[in-house]
Amino acid sequence: MLLSSYLSHEESIGAGLVADSLTDLVLDRTGTEPGTEPGNEGGQRPPAAVAWVNASSLRSLEAAVHPGLEAVSIGSWNGPPFSLAPLTGLPRLRTLSAYPGTLADPTEVAGLTRLEFLEVGPLEWRVLLDAGAVPRSLSAAAIVVHGDQDPLSVAAIANELLALWDRPRIIRTVLEGDLGPIA
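Just so we're clear, the structure is a prediction, and the values are computed from it rather than from any experiment.

Scoring rules and cut-offs
- Residues numbered from 1 in each chain as written.
- Predicted model: local features only at pLDDT ≥ 70, side-chain atom pairs only at ≥ 80, totals over all residues.
- Heavy atoms only, no water.
- Helix = DSSP H or I, 4+ residues; strand = E, 2+ residues; numbered from the N terminus.
- Expected span 1.5 Å × (residues − 1).
- Buried < 20%, exposed > 50% of the residue type's maximum accessible area, 1.4 Å probe, protein only.
- Contact = heavy atoms within 4.5 Å.
- Pairing = 2+ DSSP bridges.
- Axes fitted to C-alpha atoms, helices over the stretch in contact; angles between N-to-C directions.

A. Highlighting helix α3 (residues 151-164). In this model α3 runs 20 Å from its N-terminal to its C-terminal C-alpha over 14 residues, within 8% of the 20 Å that 1.5 Å per residue would give. Those residues of α3 that sit buried are V154, I157, A158, N159 and L161. Packing partners of the buried residues in α3 comprise α2 (122-131) and β7 (140-143). D166 sits one or two positions beyond α3 and adopts a positive phi of about 50 degrees.

B. Structural detail: the sheet that holds strand β3 (residues 50-53). In space, the five strands of this open sheet follow the order β3-β4-β5-β6-β7, with parallel pairing throughout. Strands at the two margins of the open sheet, each flanked by one partner only, are β3 and β7. Averaged over all pairs of adjacent strands, the angle between their axes in this sheet comes to 5 degrees, without regard to strand direction. Relative to β7, strand β6 (residues 117-120) runs parallel, the two being bridged by four bridges. Note that in β7 the partner of F117 across the bridge is A140. Against the sheet, α2 contacts β6 and β7, and its axis sits at roughly 120 degrees relative to β6.

What follows is the structure, given as structure tokens:
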């Protein structure tokens, strides 16, 4: 859902619905307010296209699943890791972002055949790369790093991902020299 805000001396300060998604905005399809969609006389909003599953929001992937789901973000979580099985077969799911350590089996990502963006930690990427389970449908990827992580190992993972799409690798340059006496 995209909102537009405005300030005017003659009108109220507020926001109005411009489009239900970025795709709708680009295609110039206007947004619908609750209760105005055909067949939605009860005023119920359709389920959100984006779901946040974490300790302070939805507590399960099952609670997020519906045919219109486009993006899932799994955040900080104190419970057992999540299985991605409930997301398999969703027709519009394009984005998955998962905090490191929140996936029970990272190779389940391979079952999400329409993913365009995947964001997981270095250990999850390592599992996917070693298993040959990186989705070929990806257009973009991100490596989530929290805390102290060796940047060279993260760059190595990034280079392996770039190699899958024949993209230029990250160049590693080592500088050697004498900085002189320590003052």
